[in-house]
Amino acid sequence: MPRRDYDEIKKKFAEFVETWKTKDANKLNDLALDDVSCRISSAPDSNDSLDQLTGLKQFVLTYPKTDVLQLSIYTYACCFNETDAQQIAHVICESLNYVDGKEELDCFYYSINCANHWKKTAAGWKMSEVHMDVYPFYWTVDSIYDYFKQTWYLGSKLAIPQEDGRLPAVEGEFDLPWDRIENPIDVLSEEEKIRECSAKLFFSADYLMNENRITTRSHHLGRNTTRYGIDDGLRSTVGSLRYKRQKDRYWCHPVKLADIQINETKDRAIAKSIRIFGWKQRNHEYVWTRENVNIEHSCTWGTNEFVKEEGVWKVAEGTGKLGLYELGPYSEDYYGDK
């Protein structure tokens, strides 16, 4: 059944993420084709230098090792048909080291933005393309960042011509599910469709797919504008963020929805919205300690309201309060959306 296909891909993507922690490269035999096309922004020589299954195994085997690696999957979405699937996600990573005699831990805090293509084979779904961008967000000491740079290419944060410049591995026009898979099979619940709307909005913002940022928002959105007519809020929001975004090599909007509540007529919904990092406005960073090392945290807590327009869910409004919020223990399945 098609629903099984969706669930299988979601489970296998989590298994792929798990290999970064276990370094079980042989697991990739079940998850990727031998000639899988790999574009990885952290690959040492070029985005293409860790190509095919051997290159992907090398990425797993050489993943920089620290005392603790915490992983959490945000902004997941997948579209598929009978033979092909395209899946995206932000994987939030905390690489942590204990420090002798100290309660605080050294931390490298980063996202790996994933856009993978899957093929259905006799042995089940396998990745035929793996495209990943490593976005370094924050580190507590330069030594842990420099340690990662011994293995990974991280490069400039700005999209400017320079000697160490390199284009992102993910390209919105080719790697987003809604543009890659035509006429996808619909197996999602209403709640999952709301999550997909959020993922489409935020991942598209990261990779300058502005049409998707428009179609995922209500025509009546009122935001950053002095006028409140049809599409006025959309014009203001998309226009300002488009030019703000262009100077940066990467953007990253890892968002997870919780406690989604849908009304009886199934045309309005409200959800708690959690953003894990990205806000530079906060006045101090989280302090990782031996006591909270297994606790996930976020930097924004708020709500998103959704409405059904033109037969699809769209964002109508959102509120968020900046801060540092502990969310509880990390989810065993990495998704935490149950």
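This text goes with the structure placed above it.
Residues numbered from 1 in each chain as written. Predicted model: local features only at pLDDT ≥ 70, side-chain atom pairs only at ≥ 80, totals over all residues. Heavy atoms only, no water.

Describing the sheet that holds strand 7 (residues 268-275)
Where strands meet in a sheet, backbone hydrogen bonds hold them as pairs that are either parallel or antiparallel. Strand order in this open sheet of 4 strands is 6-7-8-9, and the pairing throughout is antiparallel. The open sheet has two edge strands with one neighbour each: strand 6 (255-262) and strand 9 (312-329). Between one strand axis and the next, the sheet turns by 20 degrees as a mean value, whatever way the strands run. The sheet contact formed by strand 6 and strand 7 spans 6 bridges and is antiparallel. Bridged to Ile 262 within strand 7 is Ala 269. Those strands touched by helix 6 (residues 190-206) are strand 6, strand 7, strand 8 (295-309) and strand 9, and its axis lies near 145 degrees from that of strand 6. (Pairing = 2+ DSSP bridges. Helix = DSSP H or I, 4+ residues; strand = E, 2+ residues; numbered from the N terminus. Axes fitted to C-alpha atoms, helices over the stretch in contact; angles between N-to-C directions. Contact = heavy atoms within 4.5 Å.)

Things to note about a negative patch on the surface
Negative charge collects at one region of the surface, where Glu 103, Glu 104, Glu 291 and Glu 326 lie side by side. The residue Glu 291 is located in the loop between strand 7 and strand 8 in this model. (Patch = residues over 30% accessible without salt bridge, like charges linked within 9 Å, V, L, I, M, F, W, Y side chains within 5 Å. Areas by Shrake-Rupley, 256 points an atom, 1.4 Å probe, with all protein chains shown as cover. Salt bridge = Lys/Arg side-chain N within 4 Å of Asp/Glu carboxyl O. Lys, Arg positive; Asp, Glu negative; His and termini not counted. Charge placed at Lys NZ, Arg CZ, Asp CG, Glu CD.)

Some points on the pairing of strand 3 (residues 84-97)
By the criterion of burial, strand 3 is predominantly enclosed, with 13 of the 14 residues buried. Bridge count between strand 2 (residues 68-80) and strand 3: 11 bridges; the pairing is antiparallel. Within the sheet, the bridge partner assigned to Tyr 74 lies in strand 3 and is His 90. Where strand 2 folds back on strand 3, the antiparallel hairpin that results is connected by 3 residues. Across 14 bridges, strand 3 lies against strand 4 (residues 106-121) in antiparallel orientation. By the bridge assignment for strand 4, Asn 97 is matched with Asp 106. (Buried < 20%, exposed > 50% of the residue type's maximum accessible area, 1.4 Å probe, protein only.)

Concerning the nonpolar core
Of all hydrophobic cores here, the largest spans 49 residues; its most connected members are Phe 13, Phe 16, Trp 20, Phe 59, Ile 73, Tyr 110 and Ile 112. Looking at this core, the elements that each hand over two or more residues are helix 1 (2-22), strand 1 (32-40), helix 2 (52-61), strand 2, strand 3, strand 4, strand 5 (124-139) and helix 3 (142-149). Among the elements that make up this core, the one with the highest residue count is helix 1 (7 residues). The residues touching Phe 16, leaving out its near neighbours within four places in the chain, are Leu 28, Leu 31, Leu 56, Asn 116, Met 127, Val 130 and Met 132. (Core = buried A, V, L, I, M, F, W, Y, C linked by side-chain atoms within 4.5 Å.)

Overview of helix 1
The end-to-end C-alpha distance of helix 1, which contains 21 residues, comes to 30 Å, matching closely the 30 Å that a straight helix rising 1.5 Å per residue would cover. Of all the positions in helix 1, only Asp 5, Tyr 6, Ile 9, Lys 10, Lys 12, Phe 13, Ala 14, Glu 15, Phe 16, Val 17, Thr 19 and Trp 20 are classed as buried. For helix 1, the elements touching its buried residues are helix 2, strand 2, strand 3, strand 4, strand 5 and helix 6. Phi for Lys 23, located one or two positions after helix 1, is positive at around 60 degrees. (Expected span 1.5 Å × (residues − 1).)

Some points on the sheet that holds strand 1
In spatial order, the strands read 1-5-4-3-2; together these 5 strands make up an open sheet with mixed pairing. Since the sheet does not close on itself, it has two edges, and those belong to strand 1 and strand 2, each with one partner. Averaged over all adjacent pairs, the angle separating strand axes in this sheet is 20 degrees, with direction ignored. Strands in contact with helix 2 are strand 1, strand 4 and strand 5; relative to strand 1, the strand with the most contacts, it is inclined by about 60 degrees. Across the sheet, helix 6 is in contact with strand 2, strand 3 and strand 4; its angle to strand 2 comes to roughly 105 degrees.

Details of the pattern of salt bridges
For the coordinates displayed, the defined rule picks out 17 salt bridges. Its salt-bridge partner being Lys 12, residue Glu 8 comes within 3.0 Å of it at the nearest N-O pair. A residue pair is termed a helical-turn pair when its members lie 3 or 4 positions apart in one helix, as Glu 8 and Lys 12 do in helix 1 at 4 residues. Between Asp 186 and Lys 193 there is a salt bridge, with the nearest N and O atoms lying 3.0 Å from each other. The class of Asp 186 is exposed, set by a relative accessible area of 53%.

Section: the side chain of His 131
Turning to its location among the elements, His 131 is positioned in strand 5. Its relative accessible area of 7% is what places His 131 among the buried residues. Polar contacts involving the side chain of His 131 include one to the side chain of Asp 175, which spans 3.0 Å. Setting aside residues no more than four positions away along its own chain, His 131 makes contact with Ser 37, Arg 39, Asn 113, Cys 114, Ala 115, Asn 116, Ala 169, Val 170 and Asp 175. (Polar contact = N/O pair within 3.5 Å; in protein donor to acceptor, adjacent residues only side chain to side chain.)

Things to note about unusual backbone geometry
If you check the backbone angles, Lys 23 has positive phi at about 60 degrees while not being a glycine. On the secondary structure map, Lys 23 appears in the loop between helix 1 and strand 1. For Lys 266, which is not glycine, the phi torsion reads 55 degrees and is therefore positive. Among the secondary structure elements, Lys 266 is positioned in the loop between strand 6 and strand 7.

On their own, these measurements won't tell you what the molecule is for.
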